[in-house]
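Structure at a glance
As a plain string of letters, each chain reads:
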Amino acid sequence: MVTYVSALFYGVGGIVVAGVGLLVAFQEKLVYVPVLPGLSKSYPITPARLNLIYEDVWLRSSDGVRLHSWFIKVFPDCRGPTILFFQENAGNIAHRLEMVRIMIQKLKCNVFMLSYRGYGESEGYPSQHGIIKDAQAALDHLSQRADIDTSRIVVFGRSLGGAVGAVLTKNNPEKVSALILENTFTSILDMAGVLLPFLKWFIGGSGTKSLKLLNFVVRSPWKTIDTIGELTDKLILKQEQVKQPVLFLSGLKDEMVPPFHMKMLYAKAATRNSQCTFVEFPSGMHMDTWLTGGDVYWRTVMQFLAKHAPEERKADTADEAVCLEEVSTQLAPTAT
């Protein structure tokens, strides 16, 4: 009997050790999904396919990784706000082009789309430390451009992109006007128990009751719940210190990230930051909240931009009307 129990004990122990070993060795492949199942890593389309005015931008991260991105302008002579967009986990920036086309049409903004390392045409392999460097390279590039209003850069992140955007905004309060998070998780530590339920007993964030025995092996924890509470003050023209404005967009039918994650993020931020806005969309799923939310979704974002990334000097009314008319024509739905 003792021999049987010992064998069972060692057998279970061996399975646990083997499982931990696999988690340590292959966790980046579990966390990051640059290629959608059944598809190739290459871009299925480019912005030109949707009649968008864009340029290919190649960047170097601080550790030398070569990164690809698209800078899509609302119109050559229009200088609206510029959205630095960080995508969800799976797939590449080309899979977000239809949403970006609508974004440009509705918001009259420029959009900078970054391919994280290992995604799309960017070199390297994804990791938390690496992607943070990639995001910084994108913001530094935008901050040095002479053809945009650098005082109106807004970071927009969805899901994993929200975690990326939160860190970037925290590190650069003077360069970012505002932050928008959509369907973002509290941390990868918490998501581990959602995606792989047996892990919830061994991995978890600060608010969970798990034993947290394996937290130390997670190389990409993406603790957004901590980051969002650390957004620093930014200095405005009147020498006043104000918190970074944050808009939380939550799809209540999110099948990937439980909606309570967004509520927790908002609650954490709102305790210290009165510039937070939380909006729910009853039909929104993880990837389509922008679509099912319809006019309410875009009106919400538009009002947020008007308040927190305003135009300091109004353009001549006639010139602005011509500009917006050309934008609408350029981005008409028939372009697809």
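The text that follows walks through the structure, step by step, so that each part is easy to find. (Residues numbered from 1 in each chain as written. Predicted model: local features only at pLDDT ≥ 70, side-chain atom pairs only at ≥ 80, totals over all residues. Heavy atoms only, no water.)

**Digging into the overall build of the protein**
Short version of the rule: What counts as a helix is a DSSP run of H or I of at least four residues, what counts as a strand is a run of E of at least two, and both are numbered from the N terminus. Accessibility here uses a 1.4 Å probe with only protein chains present; expressed as a share of the type maximum, an area under 20% marks a residue as buried, one over 50% as exposed, and anything in between as partly exposed. A contact between two residues is defined here by any heavy atoms of the two lying within 4.5 Å. Each accessible area value is a Shrake-Rupley result obtained with a 1.4 Å probe; residue values ignore everything except the protein chains displayed when judging cover.
Across its full length, the protein carries ten helices and ten strands. Out of the 336 residues in the protein, the part that is buried amounts to 50%. If you take every contact in the protein between residues at least 6 apart in sequence, the share linking residues at least 24 apart comes to 73%. Accessible surface computed for the protein: about 16100 Å², of which carbon and sulfur atoms make up 60%.

**Concerning the nonpolar core**
Rules: What we call a nonpolar core is a set of buried Ala, Val, Leu, Ile, Met, Phe, Trp, Tyr and Cys residues that are connected through their side-chain atoms within 4.5 Å.
Counting residues in hydrophobic clusters, the biggest one holds 45 residues, and the most contacted among them are L84, F86, F112, W222, I228 and F248. Excluding anything up to four places from it in sequence, F248 contacts L181, I228, M262, L265, Y266, A269, C276, T277, F278 and V279. The next biggest cluster of nonpolar side chains, apart from the first, holds 37 residues, and it includes L50, C78, V100 and A309.

**Focus: empty space enclosed by the protein**
For the record, the criterion: Throughout, the protein atoms alone are placed on a 1 Å grid, and a set of points is a cavity if a 1.4 Å probe fits but cannot get out or a pocket if it is open with protein on both sides within 12 Å along at least five of seven lines; lining residues have an atom within 4 Å of a point. Grid points are joined across faces, edges and corners, and a volume is the space filled by probe spheres set on the points. Gly is placed with the polar residues, together with every amino acid not listed as nonpolar (Ala, Val, Leu, Ile, Met, Phe, Trp, Tyr, Cys and Pro) or charged (Asp, Glu, Lys and Arg).
Here the structure, examined in full by the defined rule, presents one cavity of 30 Å³ or more. Taken as a whole, the largest cavity encloses approximately 50 Å³ of empty space. As for the largest cavity, its lining consists of I228, G229, L231, K243, A269, R272 and N273. Its residues placed into classes, the lining of the largest cavity shows three nonpolar, two polar and two charged.

**Quick look at the sheet that holds strand β3 (residues 82-86)**
Our working rule: For two strands to be treated as a pair, DSSP must find no fewer than two bridges joining them. Axes here refer to lines fitted to C-alpha atoms; in helices the fit is confined to the stretch in contact. Angles between the N-to-C directions go from 0 to 180 degrees.
Spatially, β1-β2-β4-β3-β5-β6-β9-β10 is the arrangement adopted by the eight strands of the open sheet, whose pairing is mixed. Only two strands of the sheet have a single partner each, and these edge strands are β1 (53-60) and β10 (276-281). Taking the axes of each pair of neighbouring strands and ignoring which way they run, one obtains an average angle of 20° across the sheet. Bridging between β3 and strand β5 (residues 153-158) involves five bridges; their strand directions are parallel. For T82, the partnering residue across the bridge sits in β5 and is I153. Its contacts with the sheet place helix α7 (residues 260-270) against β6 (178-182), β9 (246-251) and β10, and it is angled at close to 165° to β10.

**Remarks on the pattern of salt bridges**
To keep things clear, this is the line we draw: Criterion for a salt bridge: a side-chain nitrogen of Lys or Arg within 4 Å of a carboxyl oxygen of Asp or Glu.
Evaluated as defined, the whole model comprises 14 salt bridges. Here E98 and R101 are joined by a salt bridge, their closest N and O atoms 2.9 Å apart. On the criterion of helical spacing, the pair formed by E98 and R101 is a turn pair, its members being three residues apart in helix α2 (residues 97-107). Residue class for E98 comes out partly exposed when judged on its relative accessible area of 32%. Classification of R101 as buried rests on a relative accessible area of 3%. A salt bridge links D295 to K106; the shortest N-O distance between them is 3.6 Å. Of this pair, D295 sits in helix α9 (residues 294-308) while K106 sits in helix α2, and the two are 189 residues apart along the sequence. Taking relative accessible area as the criterion, K106 reaches 32% and is therefore assigned partly exposed.

Such coordinate-based values are descriptive only and should not be taken to indicate function.
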